[in-house]
Amino acid sequence: MKIFKKILLGLLVLLVVAGIGIYFWLQSTKPTLDGELQLKGLKAPVEVLYDDYGVPHIYAQNEDDLFQAFGYVHAQDRLFQMELLRRLADGRLSELFGEKALPSDKFFRTLSFRKHAQWTMDSVLMKNPNAPFVKAAQAYIKGVNEYIENGKTPPEFSIAGIKKTPFEMADMQIIMGYMGFTFAEAFRSEAISTMIQSKFGPEYWKDVMTGWPTNEPKIPTNAQENIASSTALARMANQLTNIETNALFPPYHGSNGWVIAGSKTKSGKPILSNDTHIAFSQPSVWYEAHLECPNFKFYGNFLAGTPVGALGHSQYGGWGLTMFENDDVDFFREKANPTNANQVWYKDHWEDLKVREESIKVKDAADVKISVKTSRHGILMNDSFDKMADQKDPIALWWVFNQFPSYHLEAFYEMAHAKNATEASKAASKLTSPGLNIMWGDTEGNIAWWAAGKLPKRPAHVNPMLILDGSTGNDDPQGWYDFSLNPQILNPKRGVLYTANNQPADMGNGLVAGYYVPGNRANRIEELLFNDKKDWTQESVRKVINDVTSSSFTALLKDILPVIDKNKLSPSAKNGLKKLSKWDGSHDLDDIEPTIYYRFLYHFFVNTIKDELGNEVFKAFEHNGNFKRNMATLMRNDASPWWDNVSTKNKETRTEILTTSINEALASLEKQLGNDMSAWKWEKVHTLTHNHPLGILPVVGKYFSVGPLPAPGGRETINNLDFSVDSSGTYKVTYGPALRRIVDFADVEHGRSVLPTGQSGHFLSKHYDDQAEMFVKGGSRSELMNRVEIEKVKTGKLILKP
């Protein structure tokens, strides 16, 4: 017994010593926020002041030093995020995570972002080596690599067994390629759209996949002021949904943005508001930094591994972003040569495919070889999807992104240096893909919006939401519209401009085809902003950006609830119906109605569309942008063929389906949450968790992820905290505002914003999650640009010397 006790005591001592050792090791890996460091290549000392939220304010004597210091600072806070993002986009996750990452790697390796990056390097960057934007990018990469070589190793690298390797200019372009992919809704929609059209016909298709509803608001433009087999194809969309759901870096989904002219603000200058909608993860997607040197002063939000702010402001003006949602992707069904797998038919002859071999390294397994084939229309996608590889006729990806080298670095560098709307417009015109709505405001009093991106001229007969015929040449794009015909507006008479991923109005060359989201947010923004109010302030605008009410839902319920057969409702369903009939569309934490509404919505989905689509396609379709946009139209259409359950002999009606759905919804809620309806509060089922890639690890994983946190807001409210509507009855937020940022151009040194969690990527930093509670509660903190004020709240001062 004495020996056993001694052994036990010894083990306990060893555990304590090991724990202390691990603690001090982890502490030693935290970023250096204080002191002096040497950086090779600096021309003069650089000062980095960290404010009370960990935002770096970098002061340099020239731009080269400024961007090199920023690269170093960015890397020491977010190197693990940078590393995973470049591996994801480059199809190199299997090197770390083994065969389970192969579907993702095969897909992204097929998309060939590295090949596109090299094209950009050769045709844009290396041809202009002395251009300011190129020098800034090179300096940034130099700073990143200085940290990789001489800085601390983030603990995730040690835990996951990742070897630090230098970054290249091409990595920056690869990351931007991934951003472009996540914006392209056609990847998720066109296969399902074609499946519905070919399998069920136009009567089914028009109810769920048509364009912008006629009664929903369009974004005003200057022109207005002046006056395979279908099942296999659908499986492609489902597999892509799985890839995105499991991605280690989140996809982009939408956004809100508006600018109010000085004629309607208390300060007399424009106010810019922007909240970009991106899938939540940890660390936060955006990294904030204030960069300053002679002739340049900028506060921006940066993606991991990129030197230019994707949004931000200077002392002259600034901009925000939302997704344009234009359809910049077409899929072409090629006609394969039955005797030569490397040829397809075009017009009157067989054409050779270009073939490139790729090798994917896989942890603990043999390398996987893939052949990437390309036709005149684009990359053949079949081999990158398991359930399409055996299809007779291959599907080619035609994507605007692949028709041009990338000009993102140049465009956003120039946006950050723009002094007025004219210069900003010139910068915006250089963007090709993805399509972006850019909202601008400046100290001169201008407000502007440009739908930026190259718009193809398609033949009049082409429906770009369906897979096209690649064999005849008849469906091929015919050229490009000039940027002057892109939707845009400067200084609108109404004094307000906004975008909420809704359809822009016609500029005179027809409506731009796209995958625009439902008009719920657009309707609510118009309700709140388009009025006689002439004293808008940052504070009053923040009430709008945090709004959690959807009047579109109340209007829909007003139309469909009377259709329900009340004589066939259970007692609880009658009570639920009564609640919904009085609902104002609010999604506050104490509200009960959204809990009932989304459960009713789920059972409506199942009873209406699942019998036609089947389990696999249904999973991808529930969150499809086209279906979300047309859902209200379908629910109001008594004659839609979707009401009939094709698996029964009877012909079901809208009344039967809606009545069954509300009964099933209330029964499932009682089973899930109990019989006391007053306890069915939104906060119980609607929560936000920021998942870290290592959050899946047992025991230690919980220290990397942040949450869950009860969160107000809902699907397509302005505070758009969206989720999957599934059988679970819980609504775990998947995406929403990746920031909420407001700038009054009468006081550019005191913009206000909030990140979903925090600045730091180190899980032991106090800035890892110090904004998480503030975010869900609708708060904000300053974006400081005044050095005297920054000095008062600084928590660290880092001097970087040559």
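Residues numbered from 1 in each chain as written. Predicted model: local features only at pLDDT ≥ 70, side-chain atom pairs only at ≥ 80, totals over all residues. Heavy atoms only, no water.

Details of the overall build of the protein
At step 1: When you go through the protein residue by residue, the secondary structure sums to 24 helices and 30 strands.
At step 2: Dimensions of the protein, computed from the C-alpha atoms along their principal axes, are close to 80 × 75 × 75 Å.
At step 3: Scored against the burial criterion, the 802 residues of the protein give a buried share of 61%.
At step 4: Entry remark: accessible area of the protein is about 30100 Å², with carbon and sulfur atoms responsible for 53%.
At step 5: Separation between the mean location of the 89 positive side-chain charges and that of the 93 negative ones in the protein comes to 4 Å. (Helix = DSSP H or I, 4+ residues; strand = E, 2+ residues; numbered from the N terminus. Buried < 20%, exposed > 50% of the residue type's maximum accessible area, 1.4 Å probe, protein only. Areas by Shrake-Rupley, 256 points an atom, 1.4 Å probe, with all protein chains shown as cover. Lys, Arg positive; Asp, Glu negative; His and termini not counted. Charge placed at Lys NZ, Arg CZ, Asp CG, Glu CD.)

What to know about the sheet that holds strand S2 (residues 46-50)
Strand pairing in a sheet is mediated by backbone hydrogen bonds. Such pairs are either parallel or antiparallel.
At step 1: With mixed pairing, the 11 strands of this open sheet are ordered in space as S1-S30-S2-S3-S6-S7-S8-S9-S18-S19-S21. Two strands in the sheet have a free side with no partner beyond their single neighbour: strand S1 (35-38) and strand S21 (488-490). Between one strand axis and the next, the sheet turns through 20 degrees on average, direction left out of account.
At step 2: Alignment of strand S9 (residues 317-323) against strand S18 (residues 436-442), held across 7 bridges, turns out to be antiparallel. By the bridge assignment, Met323 is partnered in S18 with Leu436. (Pairing = 2+ DSSP bridges. Axes fitted to C-alpha atoms, helices over the stretch in contact; angles between N-to-C directions.)

Examining the pairing of S18
Successive side chains on a regular strand alternate, one facing one side of the sheet and the next facing the other.
At step 1: Across the 7 residues that make up S18, a large majority, 7, are buried.
At step 2: Residue alternation in S18 divides its side chains into two sets, Leu436, Ile438, Trp440 and Asp442 and Asn437, Met439 and Gly441, and both sets are buried.
At step 3: Relative to strand S19 (residues 447-452), S18 runs antiparallel, the two being bridged by 6 bridges. If you follow Ile438 over to S19, its bridge partner there is Trp450.
At step 4: Following S18, the chain reverses through 4 residues before pairing antiparallel with S19; Gly445 in that reversal takes a positive phi of roughly 100 degrees.

Examining unusual backbone geometry
At step 1: A cis amide bond links Gln282 with the next residue in sequence, Pro283, at an omega value of 5 degrees.
At step 2: The topology assignment puts Pro283 in the loop between strand S5 (271-279) and strand S6 (287-293).
At step 3: With an omega of 5 degrees, the peptide bond between Gly707 and Pro708 qualifies as cis.
At step 4: In this structure, Asn295 takes a positive phi of about 75 degrees despite not being glycine.

Quick notes on the side chain of Glu156
At step 1: Note that Glu156 resides in helix H7 (residues 155-160).
At step 2: One buried charged side chain, Glu156, makes no salt bridge at all; its nearest oppositely charged neighbour is Arg78, positioned 9.5 Å away.
At step 3: Sequence-distant contacts of Glu156, that is, excluding residues within four places in its chain, are made with Phe80, His692, Leu694, Phe704 and Gly761. (Salt bridge = Lys/Arg side-chain N within 4 Å of Asp/Glu carboxyl O. Contact = heavy atoms within 4.5 Å.)

A look at the pattern of salt bridges
At step 1: Counted under the stated rule, the structure contains 34 salt bridges.
At step 2: Between Arg109 and Glu358 there is a salt bridge whose closest N-O contact spans 3.0 Å. Grouping residues by exposure puts Arg109 and Glu358 together as buried.
At step 3: As a salt-bridge pair, Glu791 and Arg787 come within 3.2 Å of each other at their nearest N and O atoms. Of this pair, Glu791 and Arg787 both sit in helix H24 (residues 787-793), 4 residues apart, which is roughly one turn of that helix.
At step 4: Relative accessible area serves as the criterion here: at 27%, Glu791 is assigned to the partly exposed category.
At step 5: Its relative accessible area of 27% is what places Arg787 among the partly exposed residues.
At step 6: Members of the salt-bridge network, linked through shared partners, are Glu83, Arg86, Arg87, Asp90, Arg92, Glu95, Arg114, Glu168 and Asp171.

With respect to the sheet that holds strand S24 (residues 706-710)
At step 1: As summarised here, the arrangement of the 3 strands in space is S24-S23-S25, forming an open sheet in which the pairing is mixed. The sheet is open, and its two borders are formed by S24 and strand S25 (731-732), each paired with just one other strand.

Re a nonpolar patch on the surface
At step 1: Together, Leu12, Val16, Ile20, Tyr23 and Phe24 make up a nonpolar patch on the protein surface, roughly 520 Å² of accessible area in all.
At step 2: With respect to the element layout, Ile20 can be found in helix H1 (residues 2-28).
At step 3: Exposure remark for Ile20: the relative accessible area of 44% places this residue in the partly exposed category. (Patch = residues over 30% accessible without salt bridge, like charges linked within 9 Å, V, L, I, M, F, W, Y side chains within 5 Å.)

What about the environment of Asp547?
At step 1: One can find Asp547 in the loop between helix H16 (538-545) and helix H17 (551-560).
At step 2: Judged by its relative accessible area of 12%, Asp547 is buried.
At step 3: Residues Asp547 and Phe324, 223 residues apart in the sequence, show an inter-C-alpha distance of 22 Å.
At step 4: Non-local contacts of Asp547, meaning those with residues more than four positions away in its chain, are made with Arg524, Leu528, Thr717, Ile718 and Asn719.
At step 5: Within polar-contact distance, the side chain of Asp547 engages the backbone nitrogen of Thr549 at 3.2 Å. (Polar contact = N/O pair within 3.5 Å; in protein donor to acceptor, adjacent residues only side chain to side chain.)

A look at the packing of aromatic side chains
At step 1: Per the counting criterion, the structure on display carries 41 aromatic pairs.
At step 2: The interplanar angle of 20 degrees and the centroid separation of 5.8 Å between the aromatic rings of Phe298 and Trp319 together place this pair among those described as stacked. With a gap of 21 residues between them, Phe298 in strand S7 (residues 296-302) and Trp319 in strand S9 connect regions that are remote in the sequence. No difference in accessibility class separates Phe298 from Trp319, as the two residues are buried.
At step 3: Geometrically, the ring pair formed by Tyr598 and Trp682 is stacked, given 5.4 Å between the ring centres and 20 degrees between the ring planes. Taken as a pair, Tyr598 in helix H19 (residues 593-621) and Trp682 in helix H22 (residues 682-685) lie far apart in primary sequence, 84 residues in all. (Phe/Tyr/Trp six-rings, centres within 6.5 Å; stacked < 30°, edge-to-face > 60°.)

With respect to the nonpolar core
Considering soluble globular proteins, one finds that nonpolar side chains tend to be buried as a cluster.
At step 1: Ranked by size, the top nonpolar core spans 130 residues in total, and within it Ile58, Phe113, Trp286, Leu291, Trp319, Ile438 and Trp440 carry the most contacts.
At step 2: Here this core takes 14 residues from helix H2 (residues 63-90), the largest share from any one element.
At step 3: Residues in contact with Ile438, not counting those within four places in the same chain, are Trp319, Gly320, Leu321, Met415, Ala428, Leu431, Ala448, Trp449, Trp450 and Ala452.
At step 4: One finds Met209, Tyr598, Phe627 and Leu658 within the second-largest nonpolar core, a separate group that totals 56 residues. (Core = buried A, V, L, I, M, F, W, Y, C linked by side-chain atoms within 4.5 Å.)

Remarks on the packing of H17 against H19
At step 1: Look at H17 against H19: their axes get within 13 Å of each other, and the N-to-C directions meet at 60 degrees. Relative to H19, the element H17 is oriented oblique. For the pair H17 and H19, the sense of crossing is left-handed. From H17, Phe553, Leu556, Leu557 and Ile560 reach across to H19, where they touch Tyr597, Tyr598 and Phe600.
At step 2: Considering only residue class, the contact of H17 with H19 consists of 7 nonpolar, no polar and no charged. (Parallel < 35°, antiparallel > 145°, perpendicular 65-115°, else oblique. Left-handed = near helix turned anticlockwise from the far one by under 90°. Nonpolar A, V, L, I, M, F, W, Y, C, P; charged D, E, K, R; others polar.)

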